[in-house]
Each structure stands twice: as C-alpha cells, then as structure tokens.
Amino acid sequence: MQSAVAPRTQLAGAQGRRAALPASVPRRSARAAAATPTARKLCLAARAHASPFRDNSPATATTMDSRLADSPPATPAPPAEPRTKSRVVVLGSGWGAVAFIKNVDPRMFGEDGPYELVLVSPRNYMLYTPLLPSAVGGVVSENSIVESIRSLMHDKGRYYEARATGIDPASRTLTCVKQFCEVCAARMDNGADVVHTDVDHTFTVPYDVLLCSVGAVSATFGIPGVYEHCWFLKSMEDAQKLRKHIGKALEQAALPDVTPEQRKKMLSFVVVGGGPTGVELAAELHDLMTEDVAREMPHILDDVSITLVDGLDSLLNSFHAEIQTYAGEVFNRSGINLRLGCKVTAVHVGKIEVQRKDGSADVVPFGTCVWATGIAMHPLVAALQAQLPAEVQGSRRGLLVDPNLRVMGSQGTIFCLGDAAVTGATTKTALPPTAQVARQQGEYLAALFSHHRLGLQEQPEPATGDLVPLPAGAKPFQYLHLGSLAYLGNQKGVMDLPFKTPFLKTLRGYLGGQTWRTLETFMQISPRTRWMVFMDWVRAAMFGRNVSDI
Ligand SMILES: Cc1cc2nc3c(=O)[nH]c(=O)nc-3n(C[C@H](O)[C@H](O)[C@H](O)COP(=O)(O)OP(=O)(O)OC[C@H]3O[C@@H](n4cnc5c(N)ncnc54)[C@H](O)[C@@H]3O)c2cc1C
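Here the residue index of a chain counts from 1 through its sequence in written order. Per-residue local features are limited, in this predicted model, to residues with pLDDT of at least 70; the limit for side-chain atom pairs, both in listing and counting, is 80 or more; totals at the level of whole chains, interfaces and linings are taken over all residues. The side-chain figures draw on all heavy atoms in the structure; neither hydrogens nor water molecules are used.

Visitor: Would you take a moment to explain the overall build of the protein for this structure?
Guide: Numbering goes from the N terminus for both helices and strands, where a helix is a DSSP run of H or I of at least four residues and a strand is a run of E of at least two. Helix and strand content of the protein: 17 helices and 28 strands. Sorting the 550 residues of the protein into buried and exposed places 51% on the buried side. If you take every contact in the protein between residues at least 6 apart in sequence, the share linking residues at least 24 apart comes to 68%. Total accessible area computed for the protein in this model is approximately 26,100 Å², and 57% of it derives from carbon and sulfur atoms. Each residue gets one of three labels from its accessible area relative to the maximum for its type: buried under 20%, exposed over 50%, partly exposed in between, using a 1.4 Å probe on protein chains only. Residue contacts are defined here by distance: any two heavy atoms, one from each residue, within 4.5 Å place the two residues in contact. Note on areas: these come from Shrake-Rupley sampling with a 1.4 Å probe, and a residue is covered only by the protein chains present in the view.

Visitor: Can you help me understand the pairing of strand β17 (residues 337-340) in this one?
Guide: Side chains on a regular strand alternate between the two faces of the sheet. Strands were regarded as paired on the criterion that DSSP finds at least two bridges between them. With four bridges joining them, strand β16 (residues 305-310) and β17 adopt parallel strand pairing. What sits directly across from T307, in β17, is N337. Handedness of a crossover is defined as follows: orient the strands so they point away from the viewer, and if the path from the first strand over the helix to the second runs clockwise, the crossover is right-handed. Remark: the β16/helix α13 (residues 321-334)/β17 crossover connection has right-handed handedness.

Visitor: What should I look at first to understand the site of the ligand in this one?
Guide: Nearness is judged by heavy atoms alone; a residue qualifies as near a molecule or strand once a single heavy atom is within 4 Å of it. Within the structure, the ligand sits among 30 residues, and S93, G96, T129, H378 and D419 are positioned closest to it. Polar contact is defined as a pair of N or O atoms within 3.5 Å, subject to the rule that within protein one atom must be able to donate a hydrogen and the other to accept it, and that residues adjacent in sequence are counted only when both atoms are side-chain atoms. Backbone polar atom of A164 to a nitrogen atom of the ligand: 2.9 Å apart, as the coordinates give it. Coverage of the ligand by the protein amounts to 88% of the 990 Å² it exposes when considered alone. Elements with a minimum of two residues in the shell around the ligand: α4 (95-103), β4 (115-121), β8 (163-168) and α15 (435-451). Any residue that is not Ala, Val, Leu, Ile, Met, Phe, Trp, Tyr, Cys, Pro, Asp, Glu, Lys or Arg is counted as polar, Gly included; the first ten are nonpolar and the last four charged. The residue inventory of the shell around the ligand, partitioned by class, reads 13 nonpolar, 13 polar and four charged.

Visitor: Please explain the side chain of T307 as it appears in this structure.
Guide: Mapping T307 onto the fold places it in strand β16. Given a relative accessible area of 9%, T307 falls into the buried group. A distance of 3.3 Å separates the side chain of T307 from the side chain of N337, its partner in a polar contact. In this view, T307 contacts F269, V270, V271, N337, R339 and V364; residues no more than four positions away in its chain are not counted.

Visitor: Mind showing me how you'd approach α4 here?
Guide: In an α-helix, one full turn covers 3.6 residues, which means residues spaced three or four apart are oriented alike. Burial analysis of α4 places seven of its nine residues in the buried class, the great majority of the element. Restricting attention to buried positions, one finds in α4 the residues W95, G96, A97, V98, A99, F100 and I101. In this structure, the buried side of α4 is in contact with β3 (86-91), β4, β5 (125-127), α6 (149-153), β12 (209-212) and α15.

Visitor: Help me understand the side chain of D536, please; the structure alone is not making it clear to me.
Guide: Residue position: D536 is located in helix α17 (residues 527-543). Classification of D536 as buried rests on a relative accessible area of 8%.

Visitor: Please clarify how the sheet that holds strand β18 (residues 342-348) should be interpreted in this entry.
Guide: Strand pairing in a sheet is mediated by backbone hydrogen bonds. Such pairs are either parallel or antiparallel. Strand order in this open sheet of three strands is β18-β19-β20, and the pairing throughout is antiparallel. The open sheet has two edge strands, β18 and β20 (361-365), and neither has a second partner. Neighbour-to-neighbour, the strand axes of the sheet open up by a mean angle of 30 degrees, direction not taken into account. Pairing between strand β19 (residues 351-356) and β20: five bridges, direction antiparallel. Of the residues in β20, the one forming a bridge with K351 is P365. To get an axis, fit a line to the C-alpha atoms, keeping to the stretch in contact for a helix; angles then go from 0 to 180 degrees between the N-to-C directions.

Visitor: In this structure, what is going on with the sheet that holds strand β15 (residues 268-272)? I would like to understand it.
Guide: One open sheet accounts for five strands, arranged β14-β21-β15-β16-β17; its pairing is parallel. Every other strand in the sheet has two partners, leaving β14 (231-232) and β17 as the edge strands with one partner each. With five bridges connecting them, β15 and β16 associate as parallel partners. Along β16, the bridge assignment pairs F269 with I306.

Visitor: What is the right way to read a nonpolar patch on the surface from this model?
Guide: A surface patch of nonpolar side chains, amounting to about 380 Å² of accessible area, comprises F499, F503 and L504. The residue F499 is located in the loop between β27 (492-496) and β28 (506-508) in this model. Here, patches come from residues exposed beyond 30% relative accessible area and free of salt bridges, joined within 9 Å for like charges and within 5 Å for nonpolar side chains (Val, Leu, Ile, Met, Phe, Trp, Tyr). Note on definitions: salt bridges are taken to be side-chain nitrogens of Lys or Arg within 4 Å of carboxyl oxygens of Asp or Glu.

Visitor: Would you mind showing me how to read the nonpolar core here?
Guide: One recurring pattern in soluble globular proteins is that nonpolar side chains are buried together. Residues belong to a common nonpolar core when they are buried Ala, Val, Leu, Ile, Met, Phe, Trp, Tyr or Cys residues joined through side-chain atoms within 4.5 Å. Ranked by size, the top nonpolar core spans 118 residues in total, and within it F100, I145, L316 and F449 carry the most contacts. Taken domain by domain, the makeup of this core includes at least three residues from each of domain 1 (86-122 + 162-216 + 377-451) and domain 2 (221-374 + 483-549). Among the nonpolar cores identified, the runner-up in size contains 16 residues, and I223, V364, F366 and C369 belong to it. Residue ranges assigned to each domain were obtained from an automatic or database domain assignment.

Visitor: Sorry if this is basic, but what is going on with the confidence of the model for the protein here?
Guide: Note that predicted coordinates carrying low pLDDT should not be read in detail. Of all residues in the protein, 80% attain a pLDDT of 70 or more, and the chain-wide mean is 84. For every residue, the predictor reports its confidence as pLDDT, a number between 0 and 100. Here residues 1-74 is a poorly scored stretch, pLDDT under 50, and it has 104 contacts once near neighbours within four places are set aside; other chains count.

Visitor: Please clarify how the pattern of salt bridges should be interpreted in this entry.
Guide: Should their charged atoms come close, side chains of opposite charge can pair. For the coordinates displayed, the defined rule picks out 18 salt bridges. A salt bridge links R528 to E147; its shortest N-O distance comes to 3.2 Å. Here the residue R528 occupies a position in helix α17, and E147 occupies one in strand β6 (residues 146-148), the gap between them amounting to 381 residues. As a salt-bridge pair, R339 and D362 come within 2.4 Å of each other at their nearest N and O atoms. With a gap of 23 residues between them, R339 in strand β17 and D362 in strand β20 connect regions that are remote in the sequence. When its relative accessible area of 23% is taken as the criterion, D362 is described as partly exposed. One salt-bridge network, in which partners are shared between bridges, spans E291, D292, R295, E296 and R545.

Visitor: Sorry if this is basic, but what is going on with the packing of aromatic side chains here?
Guide: We describe a pair of aromatic rings using the distance from one ring centre to the other and the angle between the two ring planes. Pairing of aromatic rings covers Phe, Tyr and Trp, the last through its six-membered ring, and needs centres within 6.5 Å; plane angles under 30 degrees mean stacked, over 60 mean edge-to-face, and all others mean tilted. On inspection of all chains with the given rule, the structure shows 11 aromatic pairs. Here the aromatic rings of Y487 and W516 are separated by 4.6 Å at their centres, their planes lie at 20 degrees, and the arrangement is stacked. Taken together, the positions of Y487 in strand β26 (residues 484-489) and W516 in helix α16 (residues 509-522) put the pair 29 residues apart, joining distant regions of the chain. When sorted by exposure, Y487 lands in the same class as W516, which is buried. By the ring-pair criterion, three or more aromatic residues cluster together here, those being F100, F109, Y115, F415 and F449. We call a charge positioned over a ring when the NZ of a Lys or the CZ of an Arg lies within 6 Å of the ring centre and within 35 degrees of the ring normal. In this structure, R530 is placed above the aromatic ring of F522, and the distance from its NZ or CZ to the ring centre is 6.0 Å.

What follows is the structure in structure tokens.
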C-alpha cells in the first residue's frame, strides 16, 4: 500500500469541501473530490505509478475503475508488439507458488528466455503457516514468519497485488480485482487527508500457461454458527485478530466486578480439531497460560481452561499410532481437557453443541472458540472446475491433476499444485494437503519449466488434444515424504519419522520438541526469517512472551 499524508494545512480545506459536496455524489468519488488539488495530483501520479496499467505489455488489458472516470484521459497505450514469449501466470504467493518462484531458473525468464512471468496474489508475502499457532501464542513474532514476495521474485517477473476472481480456460484469461484499502477508507471517514494510491479496479491478465496455487479455505461442513461465532487460523490476519482477542479476554477477566462464573467463561478456550493445527494451538495456549499469564496475572490462572474437541477418538490421526496415544497422554498431564469422539453439531453464542459416539448430546461452553478442522475447496477453484469437462473432473476436494500436475481437461494450459490440487485416483492415493507436498510440487514444476520449453500451440496436438504439449522426457511428479512434526507444549513434541526401523519409528518428548524447533527454524523461507525465528526463540526463553494485547 502506498500512501502519503498531506500537510495539516490541507486537511481543513479538504474537510470543508467535503462538507459542501451534494448528497448525490457517490461516497468514494466524494473522497477523491475532497482531496486538495495538490493532493489529488499526487494521488493520480501515484496511481499511474502503482497501477498495473503501467504494464505496457500488449498482453495485459485493464479496465479502469469507474471512480477514476473524472481523471484526465490516460496516455494512449503504445501499439501492440507481437509476443514472442510464453506468458506463465502464477496464482498465489503461498507454499506451492513460492517454491516454484524460488527454484525456477532465472535465465528462462530473462531477456533471452522463452517465458515471461506474472504472479498474482492478494498477499504480497509468503507466510510460513506451520508457525502460525506460535504467533498466536506470542513466542514468535508475526514479522518473523513472512517474507516479501517481491524479494523472493527478484527480477524473475512482475507481481500484481490482486485477487483473481475468475479464470476463463476458453480464452485463457484471468479476471483480477485490486480492492480499495479499507484502512485508508476508514481514516478518510475520520477526516484524515490520506492520499490513497490504491483504488478498487478490475483488470484482466491473459496467460498461455497458468499455475494455480491458491490453496484452500477453512471447512465448516455446513455446521450452523461456525462462521458467526468461531475464530479461524488460516492466515496472518486470523492469527493477529485471535492473538489480540485472547489478550483482551485476559484483561477483561481481570476486571474487578467480574463474577467468578463470568471469569471462568471468559477464560474458557475451546479448540475444535485434533489435527496438527488444533493440537499445536492448544499447546501454545497452554504454554502462554502456564508460563506467562501465570507470571503476569497469577490471580486469574485458576479460572483458565483449554479444551480440545474432535469427532475422532484420538489426536493427530494422520500420525503413527504411538504418537496418537502419546499426544493424548501429554495433553492429559498438561491439564488440557480432551473431548474426543464428539462431533460438533452447532455453535451458538458462548457454547457448542456436540454429539457423542453413542448418540447422546452435550454442550461445551466457551469464551473463545477456534475452528481448526480442515479445509474445503477454494471458490475460484470450484468455479474453474465447473467449466471443465465433468467426466474428467468431479472431486469435491479440488482440481484433479495428471501425474505431471496438469489439470485434467485443461488441454495442458493449467497446472495446479498444493491444497487446490487432487493427485491420485482415490482418496487413499491422494496426497495430503500439506506444505511439504505443495513445496515439492512447486519445486517439481520449477524443474519442468527450467529444463523444457512449454509453449502454446495454435492447434491442439493431434494425439493428445493438448494446446500446451508435455515435452518429451518430462518425468512425472514424485512425492517424497520427509516425516511429520507437531508441538505438544511444555517443550515436548513429536516426529513421525519418514523411515521406520524396528527400534525407532518416532521421536517423542523433549527430543521431539527440540527437533520440531530446530526444523521449523531451519525450514524458514529466507535467511532473514530463519534468523528472526531463531532470535524469537531466544527472546522468549530469556524474557518470556509479551502478554499485552497489541
Ligand atoms: C495454521 C496452519 C498450520 C499448518 N502447519 C503445517 C505444517 O506444520 N506442516 C505442513 O506440511 N503443512 C502445514 N499446514 C498446511 C499448509 O500451510 C498448506 O498445505 C499449504 O499452505 C498449501 O500451500 P498452497 O500453495 O497450496 O496454498 P497456500 O500456502 O495457502 O497459499 C495460497 C496463496 O494463494 C493466494 N490466493 C488466495 N486466493 C487467491 C485468489 N483468488 N487469487 C490469487 N491468489 C489467491 C493466497 O493469498 C496465498 O498466497 C498448515 C496450515 C495452517 C493453516
């Protein structure tokens, strides 16, 4: 976001003019009109600089937002030059997309290379998701687990901060929207003369080959009340909001006129989902309470409760059976209440309804409920799937891909990776939706595009019907499982080893905890984040977490 704040002297004038505007002027046009002439010039100049209109490439068509209709006419675009390169468009800036960007040979996207690269994502950073629960607990700081997408791309291509809202496989075009910044809108509503350089606008991006790595969304399974009353943990925004909310709940519970019953309710933290995310969040909450809240606010500690609810009978169901049992034991010893074999049927204000295995119903009260149960198909992916031949697509989890990660029915023009892709014919052979899979798929595609020239043909290949034929000798993607890790709190962790020997199948306890911490540091996105995460562990060990609700 680029913005500039006009000098105070301009502020009064701007406010005065805003008050005089006729009621019929639309709200955001009013904002633009309210800016001083100097500020407005700044705004337009900056817009021209920041906008994808700057992309003079004939392949990018843009549609100007209606709010800019009163701006001076744009300089006519230079005449279109014939395109000689294949345009590879990557959607997303998460695990799959970044593994591709980082590993692809830069020479292929240089001046003499066969490709030009465009990356579109509403998030201009890569987020290291495995440490999101630690960010909620406050042991690592949010800045330490994100890396700027621009620094990761270097000069390999262009990046547009926008959300793709549609994919048209017939014309090979994306529709993208850059949304107006709500933060600046709110500041302007409060009278600040913020000159905003971002405006909502829609533009289209054509592609020859598309790499779709938009991930997935949180699954609610249609259970009523989940969206309304639960917190989620999928993005950095989720983690920030949840962390702030927990801080506020602690402070509210410490107020003088709160009754013991109210305090107990406010300090009841319920996590739904016994997979790695739910388990690690419960573990981080446990550490926060027993280490830092115990030190800073000991008088409320006795009223804190952490409960984990899951429909299955054990935690960490995708891990080795030994680990499942061990995780349950650690949680029981830590005082985390386990409500296993309980399916959530509805969520209401302050309570969830569950159904036990024997069919009986129960209620779990909460002050804070976090929903961490799994993932569902991204709406963009669902819309694309609906446009592809039904006989080759039809999975409810995502886009079915062939062994080379090409979306079935897309004539080789779309590749899909990560959580949005479904590999294998059955649920049993499908790869799990993990960062490890997405990363390896991104690396595989980087090698494929670096070693071969994939290009769009005018006519489909007679034998396969592909518009982007697979190069001869292209090997299929092969996944190598490197093991699974989870943190259980109290310095303990588990690792499901990728190799099994009769004596050693898993790592558990303190050794598991240290392995988890070392690998989560080592696997960071960049040297900068590796250093920052390492320093965060040191800081937390020396000074504890910051329990303020900033
Ligand atoms: C809290 C948490 C902890 C996890 N822990 C682990 C772990 O320990 N180990 C592990 O292996 N996996 C873990 N995972 C799972 C892992 O994060 C995912 O499997 C992985 O992120 C999938 O990668 P991806 O590239 O498919 O999608 P993501 O990494 O989710 O990236 C999706 C990208 O697409 C962008 N995007 C979304 N919509 C659009 C759109 N309309 N247009 C353009 N771009 C769009 C997003 O902004 C984002 O940049 C965890 C997940 C969470 C939420």
